[in-house]
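# Observations on chain architecture
Each chain is listed here by its residues.
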Amino acid sequence: MGSDKVSELTTSRPAPEGRRTEEKGAPSPGAPPSARAGRRGVDVPLIVVRVMIALLCAVLIVPMAGLVWAAFGPGEGFGGGELSLDNFRTVLGSSGLGGTLLRTLVLGVGSVVVMLLVAVPLAWLYTRTDLRGKSVILFLAAAKMAIPGFLVALGYIFMFNPSNGIINTWWGELGGSGPLTDVYSLKWIILLQGLDFAGPAFFMLVPTLRVIDVNVEEAAAVHGIPRWRAALQLLLPIAAPAIAGVSIFFFIVAVEVFDYAGMLGMPARITVLSTLIYQYTQGTTGSPEYGNAAAVGLGMAFAIGLIMLAYYRAMRRAGQMATVTGKRAAREPIRLTRRGRIAGYGFISLYALVGVVLPVLTLVWASLVPYLRPPSAEAFGELSFAAYTDAAYDLGEVLPTTLLLVAVVPTVAVAFAACAGWLVTRTTVRGRRGLDALIMMTLAIPSIVMAVSFVYMGLSTYRWLPLYGTAAFLALVVACRFVATAYRTLHGTMLQVHGELEEAAAVSGIRRGRAFVSVILPVVRGSLTYAWFWIALLTIRELTITLILSSDGTDVMSTRIFGYSSAGETGLSAALGVIQLGLITILLIAFCRVARRQSL
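Residues numbered from 1 in each chain as written. Predicted model: local features only at pLDDT ≥ 70, side-chain atom pairs only at ≥ 80, totals over all residues. Heavy atoms only, no water.

### Topic: the overall build of the chain
The secondary structure content of the chain amounts to 27 helices and zero strands. Here the chain, with 600 residues, has 50% of them falling under the buried criterion. Carbon and sulfur atoms provide 64% of the accessible area of the chain, an area that totals close to 27,700 Å². (Helix = DSSP H or I, 4+ residues; strand = E, 2+ residues; numbered from the N terminus. Buried < 20%, exposed > 50% of the residue type's maximum accessible area, 1.4 Å probe, protein only. Areas by Shrake-Rupley, 256 points an atom, 1.4 Å probe, with all protein chains shown as cover.)

### Examining helix 24 (residues 525–541)
Taking 1.5 Å per residue, 17 residues should reach 24 Å; helix 24 reaches 24 Å between its end C-alpha atoms and fits that length. Counting buried residues in helix 24 gives 13 out of 17 residues, a clear majority hidden from the surface. (Expected span 1.5 Å × (residues − 1).)

### So, the layout of surface pockets
A volume near 680 Å³ is recorded for the second largest pocket. Along the wall of the second largest pocket there are 23 residues; nearest its centre are Pro121, Trp124, Trp228, Ala231 and Leu232. If you list the elements that add at least two residues to the lining of the second largest pocket, you get helix 6 (97–128), helix 12 (227–256) and helix 16 (338–368). Here the residues of the lining of the second largest pocket are counted per class, giving 18 nonpolar, three polar and two charged. (1 Å grid on protein atoms, 1.4 Å probe; cavity = no way out; pocket = protein on both sides within 12 Å on 5 of 7 lines; lining within 4 Å. Points joined across faces, edges and corners; volume = space filled by probe spheres on them. Nonpolar A, V, L, I, M, F, W, Y, C, P; charged D, E, K, R; others polar.)

### A short note on the packing of aromatic side chains
The tally for this structure, following the rule as stated, stands at 17 aromatic pairs. With 5.6 Å between their ring centres and 70 degrees between their planes, Tyr126 and Phe202 make a pair best called edge-to-face. Here Tyr126 is found in helix 6, whereas its partner Phe202 is found in helix 10 (residues 186–211), with 76 residues between them in sequence. Look at Phe258 and Tyr278: their rings are 4.9 Å apart centre to centre, the planes differ by 50 degrees, and that puts the pair in the tilted class. Remark: Tyr278 occurs in helix 14 (residues 273–282) and Phe258 occurs in the loop between helix 12 and helix 13 (259–265); sequence separation between them is 20 residues. The residues Phe258 and Tyr278 share a single accessibility class, namely buried. Arg463 extends its terminal NZ or CZ atom over the ring of Trp464, reaching a point 5.5 Å from the ring centre. (Phe/Tyr/Trp six-rings, centres within 6.5 Å; stacked < 30°, edge-to-face > 60°. Lys NZ or Arg CZ within 6 Å of the ring centre and 35° of its normal.)

### Some thoughts on unusual backbone geometry
The phi angle at Arg269 is positive, at roughly 60 degrees, despite the residue not being glycine. Tracing the backbone shows Arg269 in the loop between helix 13 and helix 14.

### With respect to the side chain of Thr100
Along the chain, Thr100 falls in helix 6. Owing to a relative accessible area of 4%, Thr100 belongs among the buried residues under this scheme.

### A short note on the nonpolar core
One finds Leu56, Leu264, Leu435 and Ile439 to be the most contacted residues of the largest nonpolar core, which totals 186 residues. Element by element, the count of residues in this core is highest for helix 18 (residues 386–426), at 17 residues. Setting aside residues no more than four positions away along its own chain, Leu56 makes contact with Phe416, Ala420, Leu435, Ile439 and Val483. (Core = buried A, V, L, I, M, F, W, Y, C linked by side-chain atoms within 4.5 Å. Contact = heavy atoms within 4.5 Å.)

### Some words on the pattern of salt bridges
Counting across every chain of the model gives nine salt bridges. In this structure, the salt-bridge partner of Asp394 is Arg560, at a minimum N-O distance of 2.5 Å. Separated by 166 residues along the polypeptide, Asp394 in helix 18 and Arg560 in helix 26 (residues 557–566) bring together distant segments of the chain. In this pair, the class of Asp394 matches that of Arg560, namely buried. The shortest N-O distance in the salt bridge between Arg560 and Asp555 comes to 3.3 Å. Each member of the pair Arg560 and Asp555 is classed as buried. (Salt bridge = Lys/Arg side-chain N within 4 Å of Asp/Glu carboxyl O.)

### Examining the side chain of Ser527
For Ser527, the position within the fold is in helix 24. Residue class for Ser527 comes out buried when judged on its relative accessible area of 16%. For Ser527, the contacting residues outside a window of four places in its chain are Thr489, Leu490 and Thr493.

### Quick word on the environment of Thr100
It is 9.6 Å that separates the C-alpha atoms of Thr100 and Thr275, two residues lying 175 residues apart in sequence. At 2.9 Å, the side chain of Thr100 forms a polar contact with the backbone oxygen of Gly96. (Polar contact = N/O pair within 3.5 Å; in protein donor to acceptor, adjacent residues only side chain to side chain.)

### Remarks on the packing of helix 4 (residues 44–72) against helix 23 (residues 512–523)
Between helix 4 and helix 23, the shortest axis-to-axis distance is 6 Å and the interhelical angle comes to 85 degrees. Considered as vectors, helix 4 and helix 23 are oriented roughly perpendicular to each other. Only Gly513, Arg514, Phe516 and Val517 of helix 23 make contact with helix 4, whose side of the interface consists of Pro45, Leu46 and Val49. Considered class by class, the residues forming the contact of helix 4 with helix 23 number five nonpolar, one polar and one charged. (Axes fitted to C-alpha atoms, helices over the stretch in contact; angles between N-to-C directions. Parallel < 35°, antiparallel > 145°, perpendicular 65-115°, else oblique.)

### Overview of the environment of Leu583
Counting through the fold element by element, Leu583 comes out in helix 27 (residues 570–598). Residue Leu583 is classed as partly exposed on the basis of its relative accessible area of 23%. The spatial distance from the C-alpha of Leu583 to the C-alpha of Ile540 is 8.8 Å, given a sequence separation of 43 residues. Every residue in contact with Leu583, bar those within four places of it in the chain, is listed here: Leu399 and Met557.

### Some points on the packing of helix 18 against helix 21 (residues 471–496)
Between helix 18 and helix 21, whose axes approach to 6 Å, the crossing angle comes to 40 degrees. With respect to each other, helix 18 and helix 21 are oriented oblique. Our pair here, helix 18 against helix 21, has a crossing hand that is right-handed. (Left-handed = near helix turned anticlockwise from the far one by under 90°.)

### A word on the environment of Val296
Within the secondary structure, Val296 sits in helix 15 (residues 290–320). By relative accessible area, Val296 is classed as buried at 7%. Here the alpha-carbon distance between Val296 and Asn87, two residues 209 residues apart in the chain, equals 8.8 Å. Residues contacting Val296, with those up to four places away along its chain left out, are Val91, Leu273, Leu276, Ile277 and Tyr280.

### A look at the confidence of the model for the chain
With 86% of its residues at a pLDDT of 70 or more, the chain shows a mean pLDDT of 80. Taken element by element, the chain is modelled with least confidence in helix 1 (residues 3–12), mean pLDDT 40, and with most confidence in helix 6, mean pLDDT 92. Predicted confidence for residues 1–35 stays below pLDDT 50, and this span has 46 contacts to residues more than four positions away or in other chains. (pLDDT = per-residue confidence, 0-100.)

Structure follows, in structure tokens:
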């Protein structure tokens, strides 16, 4: 994609006089003249970049082509056959599809509503008020982003399982008839998924609320309008485009994420699109039906692509609504009344309790008791680490693959993103905008759909390239999923690097590729580090792709926890979950140390 142009840019750049003289006839002693001339004529880093770009295009385009082929291909998925619409006819003719679509819509809208009810007040308290200790909000939001959603779901299963959940058992002992609540329901999926999205949504809303002039609310206060009414009637309309953009983004995530729908919906046969695709790939009615899964996935990707267009449109309007006055007084926070402070602390405490404290403590408790039961004097006398002893055997099988993914996936994703970001932002190569669009298109493809397309391509090419079923193949697929995340992180940073640095490098005789390695990458190393750690955390959280692609020998911690939870092994799943939280904590501590050292 435009790689020839890169070469032209490199070779056409003028070299300093001394350098040209040296190239023409003043070789340094100690090496054959022909060999030195050959090395000077080859820009090795540029070749590496070109290879990386070619590989990136291949791994992004091939699965998309595979998805289309699988959707229109023979029903059995592989081998011969002609293209047809049979897969679409089968899916559209299946019973319950209307209900699945309706539940998926309710899940997406409901999750966004819960997210907004939590994230907007948190962002307002953090950016617009003088609430003391509000840095706790940052910690909570970061903690919610770090804790995998399926572990939170597991904690709530231990609390509200209708048969033996801790709180439901308590409720029965107090004389309640039947379970207090059933966690295997759509309302719980919506609630927990919405709370899970509130953390990242908070970080996306903070920059918008921070730049809105606080005089808007001060003027309302002068006229006797209460703070809460000013926030609702004046602040929210100004921030509406940005809030709409965030809502659309998380609606897409809500309908494609598998964690909560898989763990809480599948046991109660609550089917949404993500679990429907999973069921097709698992062959619950016989052999895997990849054609049907691809047909559902292609339709889902098309619908999400349309929603993505609306998202980009909303984000453009959000930029037009920014209000930056530059006045110091406009940056002063709003003074909360005593009742306002109490309400703020109460809201933050409730979010911390429901979103972080309860599920984590429940996981720890469930990992220490022989069987799931409420805390009591008798139960405390039976605490043991037997589950951790059993989990140690599983760790020997899943930890190597898990650590391999944590090391390889962010490295590959950041390497791909750095090369693509440099090509798009630092060159004028023809086709760079197409590369930018190609990377962003992957956001419109749900994780489970991408996994299905890679399964199809991996099995189709296994005869010539036996990668399917290996840890390397799993790492490649997960890395492809996160390339867009790393790319968006690096894209803005590379735009901030002034072109004078590369011009100075060129004047010094440094070739284009070497300037990328020795000038651009060191300048943006902070963003590279941030992107690496962030993707490492996402890799530990990843469940959707690993669940589809993992097999014997390539299981990771998340899939093993999901398997034990589905089999009712509460102690083992809880112990592995606590160990995984420990790994995440270690990774966060390492990131904080690196960030402090590099002043990120």
